[in-house]
Amino acid sequence: MTTPSRRLSRREQHRAGGTGAKVTARNTLIAYAFLLPFLTLLVVYHTWPVIFGTYLAFTKYNIISPPQWVGLDNFRELLRDEQFWSGLKNSLKYILVVPVIQVVAILVALLVNRPMRGIGFFRTAFYVPVVTSFAVVGLIWNWMYQQEGPVNAVLGFLGLHRGGSFLNNPATALYAVMFVTLWKGIGYYMVLYLAGLQSISPELEEAATIDGAGRTQVFWNITLPGLRPTILVCSLLSTISAIKVFEEIYVMTQGGPAGSTYTALFYTYSRAFQDFQYGLAAAGGIIIAVISILFGLINFRLTRGGRADA
Amino acid sequence: MLETRPAPVQPDSFAAAAARLKARRRQRRRLTDLLAYTVLIAIALIMLYPFYWTLITSLEPTGNIYEAKIVPQAVGLRNYAEMWKGTTVPFWRLILNSLIICTLGVSLTVTLATLAAYPLAKMRFPGRDLIFYAILALMVLPNESGLIVNYITTIKLGLLQQTNPVIDAVRQYLAVVLPGLASIVGLFLLRQAYLGIPQELIEAARIDGAPELTIWRRIMLPLATPTIAAFAILEFVAYWNSFLWARIMLPDKNLLPLSAGLLELSGTFSTNSRAVMAGAVITIIPILIVFAFGQKYFMKGLEGAVKG
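Residues numbered from 1 in each chain as written. Chains lettered and ligands numbered in written order. Predicted model: local features only at pLDDT ≥ 70, side-chain atom pairs only at ≥ 80, totals over all residues. Heavy atoms only, no water.

**What to know about the confidence of the model for chain B**
Residues and elements named next belong to chain B.
In step 1: For chain B, per-residue confidence averages 88 on the pLDDT scale, and residues scoring 70 or more make up 91% of the total.
In step 2: Ranking the helices and strands of chain B by mean pLDDT puts helix α3 (residues 91-122) first, with 95, and helix α13 (residues 273-307) last, with 81.
In step 3: In the model output, the complex is listed with pTM 0.87 alongside ipTM 0.87. (pLDDT = per-residue confidence, 0-100. Helix = DSSP H or I, 4+ residues; strand = E, 2+ residues; numbered from the N terminus.)

Here is the structure:
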């Protein structure tokens with residue numbers, strides 16, 4: 001910790017806005033008083049879970065008796081547990097959503113970025129699923145996916161194969177849930193891509209057009225590179241949330257049927273809240289965290305790879 | 001560049017060519033617009049039909065429930081009446097719970113963030129940058145065990161004890177909102193908004209001897225109102241929609257917020273999905289109203305939140 005009397009560097013002074021209130025013990029006290037309520041709750045509900053959760057991963061714990069140190073036992077048990085592996089597999093499969101949702105969101109953003117009449121309506125319409133609770137969304141799609149339901153009706157109308165009840169079929173359940181994630185998430189990424197598109201200077205695109213570049217050329221050479229930072233953020237966000245998918249599963253399938261939608265985070269949830277094996281669940285959480293960080297890094301490399309952008 | 005091009009020699013033929021070009025471009029534009037509208041309408045149907053379908057099915061008293069339809073076969077409020085009566089948990093109680101949780105959650109979250117962002121943006125004190133970067137780091141630290149540890153914490157704090165009905169209710173409402181009150185995103189949003197406020201204004205107030213709390217209330221809050229509004233709307237939607245935490249840990253089902261209670265009811269109402277649909281419609285309506293009114297704020301807040 002720094003001492004209260006320490007003078008701030010010139011850079012820090014500059015960032016604080018230059019001259020003004022001096023660094024006195026009284027001012028420091030006031031500053032910390034402003035921060036106190038926030039920091040207290042932050043430490044209890046954000047920092048403590050990281051610390052205690054990591055510790056728990058190496059213990060046996062059921063809340064009633066104190067945690068018992070077991071070393072790496074939980075991790076060994078996880079690696080032997082077939083359910084955990086199939087959960088991991090389903091979580092990784094869920095990453096399939098990422099490229100689809102990003103491509104669709106970029107296309108939708110390009111569409112609603114056009115200056116057309118009534119475009120505001122479409123932007124709002126695409127955003128409605130985003131602001132709806134997963135509880136409601138899950139229930140609605142449970143009904144939509146029924147054997148006699150609208151999804152099958154539409155498939156039949158299009159002359160496609162009509163499935164049974166999508167969520168009751170182990171072959172289709174995971175994909176059905178993935179579609180809901182896609183459906184609910186498109187509007188969210190659309191808004192982010194819209195912001196990205198609007199930050200690309202129109203002069204650049206105009207100049208390219210004047211120089212005789214076609215529409216597709218402008219898209220590939222100007223628009224897409226300009227979107228690269230947004231693509232990086234968005235694909236990172238969606239990869240991480242795909243690996244950690246939980247709420248959709250919790251509301252729609254509870255991991256079933258026959259474990260076909262059982263994901264890694266659902267595994268930790270059921271170990272903790274159904275079997276009261278908190279240590280094992282925490283260890284599962286750490287493995288999921290490591291995997292999502294790895295995928296985050298891969299994603300980072302992929303989106304940054306190739307030519308460096310401006 | 002345009003200026004370097006040679007001046008037109010035959011203005012008439014150029015004008016004619018330009019007009020032709022313009023007409024062709026307009027025609028092509030109309031065609032692409034038509035195409036764009038077709039695609040947009042198709043996507044809008046996919047996005048909105050599930051909601052519309054739920055609404056009309058909830059209005060039908062009887063009939064083939066899961067059938068795809070465009071208009072309801074009959075319209076009545078029977079399902080809404082049934083939902084309202086509830087079975088295990090009265091529906092009005094769920095609405096009340098949600099209102100309490102949202103009011104508590106939004107006002108406290110906004111207050112805490114507006115307070116904490118002030119010294120981080122406008123005061124000088126030792127440890128400021130350290131705290132700022134520590135909070136930043138917390139955003140990326142893995143927190144997969146958050147649900148589990150927060151549950152343990154809530155129990156250890158005695159928030160789930162059951163002794164006296166009134167105190168129990170207060171404690172359990174607190175248990176629902178406490179984990180979400182320190183919003184890092186909100187802190188960043190507000191710090192960003194505060195940084196844009198001229199330092200001279202604050203210095204002048206300080207020279208006049210105004211206490212920091214007064215500066216915060218009289219200068220920072222009014223000037224950051226657009227950001228505060230955006231953040232409050234984001235938080236309202238988040239609290240109104242949250243269900244997982246409450247459903248997992250609340251011992252008293254009578255205190256569940258609406259979206260969590262809806263899931264609970266969908267279990268007990270398994271024989272009458274139409275009533276649950278009515279409940280789903282009621283759950284969505286407040287969000288749609290808030291969203292419609294605060295849409296601009298909402299999008300701004302979202303963009304700001306991601307850009308951090």
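**Considerations on the pattern of salt bridges**
Residues and elements named next belong to chain B.
In step 1: Applying the stated criterion across every chain, the model contains 11 salt bridges over all chains.
In step 2: Note that D129 is salt-bridged to R128, the shortest N-O span being 3.4 Å. The exposure classification of D129 matches that of R128, with both residues buried.
In step 3: Across the pair R247 and E264 runs a salt bridge, and its minimum N-O distance is 3.0 Å. In this pair, R247 sits in helix α11 (residues 244-249) while E264 sits in helix α12 (residues 258-268), placing the two residues 17 residues apart along the sequence. (Salt bridge = Lys/Arg side-chain N within 4 Å of Asp/Glu carboxyl O. Buried < 20%, exposed > 50% of the residue type's maximum accessible area, 1.4 Å probe, protein only.)

**Here we look at the UniProt feature "transmembrane region" (unreviewed entry) in chain A**
Residue and element names in this part refer to chain A.
In step 1: The UniProt feature table records "transmembrane region" (unreviewed entry) at residues 29-48, 94-112, 124-144, 173-197, 218-243 and 276-298.
In step 2: Measuring from the first to the last C-alpha atom of residues 29-48 gives 24 Å, for a span that is 100% helix and 0% strand.
In step 3: Annotated as 91% helix and 0% strand, the span residues 276-298 places its first and last C-alpha atoms 34 Å apart. (UniProt positions renumbered as here; feature names shortened; annotations may be inferred.)

**Considering helix α6 (residues 165-177) of chain B**
Since one α-helical turn is 3.6 residues long, residues separated by three or four positions face the same way.
Residues and elements named next belong to chain B.
In step 1: The first and last C-alpha atoms of α6 sit 19 Å apart over 13 residues, in line with the 18 Å expected at 1.5 Å per residue.
In step 2: Among the residues of α6, D168, A169, R171, Q172, Y173, A175, V176 and V177 are the ones counted as buried.
In step 3: Along its buried surface, α6 packs onto α3, α5 (146-156), α10 (225-241) and α11.
In step 4: With a side-chain oxygen lying 2.8 Å from the backbone nitrogen of V166, the N-terminal cap of α6 falls on N164. (Expected span 1.5 Å × (residues − 1). Contact = heavy atoms within 4.5 Å. Polar contact = N/O pair within 3.5 Å; in protein donor to acceptor, adjacent residues only side chain to side chain.)

**Quick look at the UniProt feature "transmembrane region" (unreviewed entry) in chain B**
In step 1: Feature annotation in UniProt places "transmembrane region" (unreviewed entry) on residues 34-52, 94-118, 130-152, 172-190, 219-240 and 275-294 of chain B, given in this structure's numbering.
In step 2: Between the C-alpha atoms that bound residues 94-118 of chain B the distance is 36 Å, and the span itself is 100% helix and 0% strand.

**What to know about the packing of aromatic side chains**
Residues and elements named next belong to chain A.
In step 1: Counted according to the given criterion, the structure contains 39 aromatic pairs over all chains.
In step 2: The interplanar angle of 55 degrees and the centroid separation of 6.3 Å between the aromatic rings of Y61 and Y278 together place this pair among those described as tilted. Of the two residues, Y61 sits in the loop between β1 (59-60) and β2 (68-69) while Y278 sits in helix α14 (residues 278-304), which places them 217 residues apart along the sequence.
In step 3: Given the relative accessible area of 7%, Y61 is considered buried.
In step 4: The class of Y278 is buried, set by a relative accessible area of 1%.
In step 5: Between W141 and Y145, the ring centres sit 5.4 Å apart and the planes meet at 45 degrees, which makes this aromatic pair tilted. (Phe/Tyr/Trp six-rings, centres within 6.5 Å; stacked < 30°, edge-to-face > 60°.)

**Brief notes about a nonpolar patch on the surface**
Residues and elements named next belong to chain A.
In step 1: Together, V154, F157, L158 and L160 make up an exposed nonpolar region whose accessible area comes to about 460 Å².
In step 2: Topologically, V154 is positioned in helix α8 (residues 150-157).
In step 3: With a relative accessible area of 45%, V154 lands in the partly exposed category. (Patch = residues over 30% accessible without salt bridge, like charges linked within 9 Å, V, L, I, M, F, W, Y side chains within 5 Å. Areas by Shrake-Rupley, 256 points an atom, 1.4 Å probe, with all protein chains shown as cover.)

**Things to note about the UniProt feature "domain: ABC transmembrane type-1" (unreviewed entry) in chain A**
In step 1: Taking the UniProt record as the reference, the feature "domain: ABC transmembrane type-1" (unreviewed entry) is found at residues 88-299 of chain A.
In step 2: For residues 88-299 of chain A, helix accounts for 72% and strand for 0%, while the C-alpha atoms at its two ends are 18 Å apart.

**Points about a positive patch on the surface**
In step 1: Taken together, the side chains of R215(A), R20(B), K22(B), R24(B), R25(B), R26(B), R28(B), R29(B) and R30(B) present a region of like positive charge at the surface.
In step 2: Ranked by residue count, the leading element in the positive patch is helix α1 (residues 11-59) of chain B, at eight residues.
In step 3: Structurally, R29(B) can be placed in helix α1. (Lys, Arg positive; Asp, Glu negative; His and termini not counted. Charge placed at Lys NZ, Arg CZ, Asp CG, Glu CD.)

**Concerning the environment of G279(B)**
Residue and element names in this part refer to chain B.
In step 1: With respect to the helices and strands, G279 occurs in helix α13.
In step 2: Taking the relative accessible area as the measure of exposure, G279 reaches 0% and is therefore buried.
In step 3: Taking the C-alpha atoms as reference points, G279 and W84, separated by 195 residues in sequence, lie 8.3 Å from one another.

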